[in-house]
Amino acid sequence: MNILRPIIYLAFISYFAATFLFTMPDNYINLQFYHQQQVFQQWLFQRWGFFAPPPNYDERLYYEFRDKLTHQSKTFEVMEPIVALKQQKAPFNWHEDIVDYLLSGSMTGIGDDLHDMRQDLIYRNKQAGKSATDTSGERMLRETIQHGISFQTLRNYAAIVAQKNRLDTARHEVRLILSHVMLPKFADRFSTKPRREEAYFISDYVTLNR
Amino acid sequence: MALFKYLISLEEKNRYSFYLAVFRIFVCFHLIKTILFQWAYLDILYGANSFVSPVPTFITELLGIPTHFLREHYQWFITAYLLIIVLYLFGIGKHFTALLLFLCYETLQRMCNLVLNGGDNLMKFIMLYMVFADSYQYFSIKAGQFKNQTLRRLSNLGSNLCVRAITLHFCMIYFWSAWHKIHAEVWFNGVATYYTFSIGRFKGTPWNDFLARNGVFVTISTYFTLIVEVYFPVLVWFKKTRLVVVLCGIALHLGIYVFMMIYGFEIIFIMTYGFFFKDEEWQAFLNKLISRINHKARWKLPTFAEFHPEPQVYAGR
């Protein structure tokens, strides 16, 4: 025990020091260990900023199906009905909960990636002496997102939406529109004005995968 | 010197043997419940033909098992996972089963990380720590202790440090969560619960809209959440304030459970509070409760000491 004891306590203390360091908000000290933090999070992923801040919007996901020949389009929004069912069936809403998490998680993933990439783009433009993001930058962002896992998940779900609405998947292509329906500010909580909706990602038309 | 004595005392007795066993049972039922709820959607979540785009499973890839192979044969993986849960439930295979279960749980989380929340994240760490704990003194097929003194001391130390790791990690979660919240304007200004109650995805009851429009409720509930998260990591370590702060925490999580429809997460957090109480405290509480039930219902339920005989000593070890 005399040999084991110091090893055990050293391991315990080191582990918690690392956990504390790598879970704290970004600051000068933990950014010095950025690469170690990446490795740590790969093995022991954790993030503890619950609802800080909470979202101030409801999410909407539109699938705009376009006939390849006639170019006629039909649009379906999928989040609102799922969320309404989830509310109705609570607490026995595990099906709606799963679909909600799958779609919403993917949308959040796209939103987060867009935010990070846009920040990066703004920084690089600043370094290059450009004043604002140009159209080529925005196109590059869109293409990168469209190759990501979150977008692929939502794109694959389009086939299910098409099937449900009896659309021929071979004949149609689809465009995804992700938007936020903003909640009124707390001070305007009794306001009867319609809620503002902001699209934050509009994809290109893509073929239906399955 | 006092610290050294305290550290040595951690080797003398497993102080949390009862709650470790309770939590082991809880983990098993929670994992089984999750799989049962997902049963009809397992193919969507883990199957190769799902619309969900696959993410590499880290540990199995390291072991040479490709992610697509796992997804193509996910039924076998889920069967093995359920079998390991049952073994763990009965305490068969002990630490080895706990390790296998942790690895399976971690792999399953990586196979579909979109459906996870903070509760699942905490659960992963608790299961990792429980690999080192002796949670088999109660509710297991064969409870026992090592005859070898070094192994026994090591086992007790592992159990006590496991619980200390869980409680420290838990406090750290509250601490960082509070830290992030204070930084956010809506929490600082006392209006955050207006937003959390109003978002469609988390609108758990028809009363959410009414409550979210009530300024007094919004301010009090926002600051109550902040106060619990800020003070919990400190006050829970003092005997005088522990029960109060735990009850406040339970009230907070029950509120989130009902009004925000976040179910599994809240149950995991509430169950974790039990680690802040030692065996003696659980024993005193349960005996009081059993006596009261016996008195009211005129039953003869056995008290804590009666239903837990002294553990056997492993003869050969």
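The structure presented is a predicted model; accordingly, all values stated were derived computationally and were not measured.

Calculation notes
- Residues numbered from 1 in each chain as written.
- Chains lettered and ligands numbered in written order.
- Predicted model: local features only at pLDDT ≥ 70, side-chain atom pairs only at ≥ 80, totals over all residues.
- Heavy atoms only, no water.
- Helix = DSSP H or I, 4+ residues; strand = E, 2+ residues; numbered from the N terminus.
- Buried < 20%, exposed > 50% of the residue type's maximum accessible area, 1.4 Å probe, protein only.
- Contact = heavy atoms within 4.5 Å.
- Core = buried A, V, L, I, M, F, W, Y, C linked by side-chain atoms within 4.5 Å.
- Expected span 1.5 Å × (residues − 1).
- Polar contact = N/O pair within 3.5 Å; in protein donor to acceptor, adjacent residues only side chain to side chain.
- Buried area = accessible area lost by both parts, 1.4 Å probe.
- Salt bridge = Lys/Arg side-chain N within 4 Å of Asp/Glu carboxyl O.
- Bend = angle between axes of the 7 residues up to and from the residue.
- Patch = residues over 30% accessible without salt bridge, like charges linked within 9 Å, V, L, I, M, F, W, Y side chains within 5 Å.
- Areas by Shrake-Rupley, 256 points an atom, 1.4 Å probe, with all protein chains shown as cover.
- Pairing = 2+ DSSP bridges.
- Phe/Tyr/Trp six-rings, centres within 6.5 Å; stacked < 30°, edge-to-face > 60°.
- pLDDT = per-residue confidence, 0-100.

Peer 1: In this structure, what is going on with the overall build of chain A? I would like to understand it.
Peer 2: Within chain A one finds 7 helices and 5 strands. Counted from the first residue to the last, chain A has its helices and strands arranged as α-α-α-β-β-α-α-α-α-β-β-β. Taking the principal axes of the C-alpha coordinates as reference, chain A spans close to 80 × 55 × 45 Å. Burial statistics for chain A: of 210 residues in total, 41% are counted as buried. The contacts of chain A with a sequence gap of at least 6 include a subset with a gap of at least 24, amounting to 61%.

Peer 1: Sorry if this is basic, but what is going on with the nonpolar core here?
Peer 2: Burial of nonpolar side chains together is a common tendency in soluble globular proteins. Membership of the largest hydrophobic core comes to 140 residues, with the highest contact counts inside it found for Tyr 63 of chain A together with Phe 232 of chain B. Considering each element in turn, this core owes the most residues, 12 residues, to helix H9 (residues 149-183) of chain B. Here Phe 232 of chain B is in contact with Phe 170, Cys 171, Tyr 174, Ile 227, Val 245, Val 246, Tyr 273 and Phe 276 of chain B, once residues within four sequence places are set aside.

Peer 1: Just checking my understanding: could you explain H9 of chain B for this structure?
Peer 2: In an α-helix, one turn spans 3.6 residues; hence positions three or four apart end up facing the same way. In a regular helix each residue adds 1.5 Å, so 35 residues correspond to 51 Å; H9 of chain B covers 50 Å between its end C-alpha atoms and thus fits that length. With a side-chain oxygen positioned 2.8 Å from the backbone nitrogen of Thr 150 of chain B, the residue opening H9 of chain B is Asn 148 of chain B.

Peer 1: For this particular structure, what's the right way to read the interface of chain A and chain B?
Peer 2: It is common to report an interface's size as the accessible area lost on association of the parts. Taken together, the contact pairs 60 residues of chain A with 75 residues of chain B. Carbon and sulfur atoms make up 71% of the area that chain A and chain B hide from each other, which totals about 6000 Å². Linking chain A to chain B there are 2 salt bridges. The closest approach of N and O atoms between Arg 5 of chain A and Glu 11 of chain B, which form a salt bridge, is 2.5 Å.

Peer 1: How should the side chain of Ser 53 of chain B be read in this particular structure?
Peer 2: Along the polypeptide, Ser 53 of chain B turns up in the loop between helix H3 (42-46) and helix H4 (58-62). Residue contacts for Ser 53 of chain B: discarding those within four places in its chain leaves Ile 149, Gln 152, Thr 153 and Asn 156 of chain A.

Peer 1: What is the right way to read the pattern of salt bridges from this model?
Peer 2: Residues and elements named next belong to chain A. Under the definition given, this model contains 21 salt bridges over all chains. The salt bridge involving Glu 138 is made with Arg 118; its shortest N-O contact spans 3.0 Å. Taken together, the residues span a long stretch of sequence, with Glu 138 in helix H6 (residues 135-146) and Arg 118 in helix H5 (residues 94-127) at a distance of 20 residues. Given the relative accessible area of 27%, Glu 138 is considered partly exposed.

Peer 1: It is not clear to me how the side chain of Lys 203 of chain B should be interpreted in this structure. Could you clarify?
Peer 2: Position of Lys 203 of chain B relative to the elements: it lies in the loop between helix H11 (192-198) and helix H12 (208-213). Its relative accessible area of 18% is what places Lys 203 of chain B among the buried residues.

Peer 1: How should helix H13 (residues 215-235) of chain B be read in this particular structure?
Peer 2: Residues and elements named next belong to chain B. The terminal C-alpha atoms of H13 lie 29 Å apart, and with 21 residues this matches the ideal 30 Å at 1.5 Å per residue to within 8%. The largest bend in H13 comes to about 25°, at Glu 229, with the proline Pro 233 one to four residues further on. Of the residues making up H13, those classed as buried are Val 218, Ser 221, Thr 222, Thr 225, Leu 226, Val 228, Glu 229, Phe 232 and Pro 233. Packing partners of the buried residues in H13 comprise H9, helix H10 (185-188), H11, H12 and helix H14 (239-260). Backbone nitrogen of Val 216 and a side-chain oxygen of the N-cap are separated by 3.0 Å at the start of H13; the cap is Asn 214.

Peer 1: What exactly am I supposed to notice about the environment of Ile 65 of chain B here?
Peer 2: Mapped onto the fold, Ile 65 of chain B is located in the loop between H4 and helix H5 (67-72). Those residues in contact with Ile 65 of chain B that lie beyond four places of it in its chain are Thr 60 and Leu 70 of chain B.

Peer 1: What exactly am I supposed to notice about a nonpolar patch on the surface here?
Peer 2: Residues and elements named next belong to chain B. A grouping of Leu 83, Val 86, Leu 87, Phe 90, Ile 92 and Ile 141 is seen on the molecular surface, where their side chains present a nonpolar patch of about 530 Å² in accessible area. Residue position: Leu 87 is located in helix H6 (residues 74-89). In this structure Leu 87 comes out as partly exposed when scored by relative accessible area, which is 31%.

Peer 1: What is the right way to look at unusual backbone geometry in this model?
Peer 2: Glycine aside, residues mostly have negative phi angles, and peptide bonds mostly take the trans form. For the peptide bond that leads from Ala 52 of chain A to Pro 53 of chain A, omega is -5°, which places it in the cis range. With respect to the helices and strands, Pro 53 of chain A occurs in the loop between helix H3 (34-43) and strand S1 (57-67). Cis geometry is adopted by the peptide bond preceding Pro 91 of chain A, which originates at Ala 90 of chain A and carries an omega value of 5°. Here Pro 91 of chain A is to be found in the loop between helix H4 (79-89) and H5. In this structure, Phe 51 of chain A takes a positive phi of about 50° despite not being glycine. Counting through the fold element by element, Phe 51 of chain A comes out in the loop between H3 and S1. Phi at Phe 139 of chain B is positive, roughly 50°, even though this residue is not glycine. Note that Phe 139 of chain B resides in the loop between helix H8 (118-130) and strand S1 (144-145).

Peer 1: Looking at this structure, how should I read the pairing of S1 of chain A?
Peer 2: Every regular strand shows the same layout, with side chains that alternate between the two sheet faces. Residue and element names in this part refer to chain A. Burial analysis of S1 places 8 of its 11 residues in the buried class, which makes it a mostly covered element. Here 11 bridges tie S1 to strand S3 (residues 172-182), and the two strands are oriented antiparallel to one another. By the bridge assignment for S3, Phe 65 is matched with Val 174. Counted along the chain from S1 to the antiparallel partner strand S2 (residues 73-77), the turn is 5 residues long, and its residue His 71 has a positive phi close to 65°.

Peer 1: Looking at this structure, I do not really get the packing of aromatic side chains. What am I missing?
Peer 2: Residues and elements named next belong to chain A. Enumeration according to the criterion identifies 49 aromatic pairs over all chains in this entry. Between Phe 12 and Phe 16, the ring centres sit 5.2 Å apart and the planes meet at 50°, which makes this aromatic pair tilted. One end of the pair is Phe 12 and the other is Phe 16, both in helix H1 (residues 4-23) and 4 residues apart, which spans about a single turn. Given a relative accessible area of 17%, Phe 12 falls into the buried group. Aromatic side chains Phe 92 and Trp 94 sit 6.2 Å apart centroid to centroid with 85° between the ring planes, which places their arrangement in the edge-to-face category.

Peer 1: When you look at the confidence of the model for chain B in this model, what are you seeing that I'm missing?
Peer 2: Detailed reading of the predicted model is not advised wherever pLDDT is low. Mean pLDDT over chain B works out to 92, with 96% of the residues at or above the 70 mark. Scoring of the predicted complex yields 0.92 for pTM and 0.90 for ipTM.

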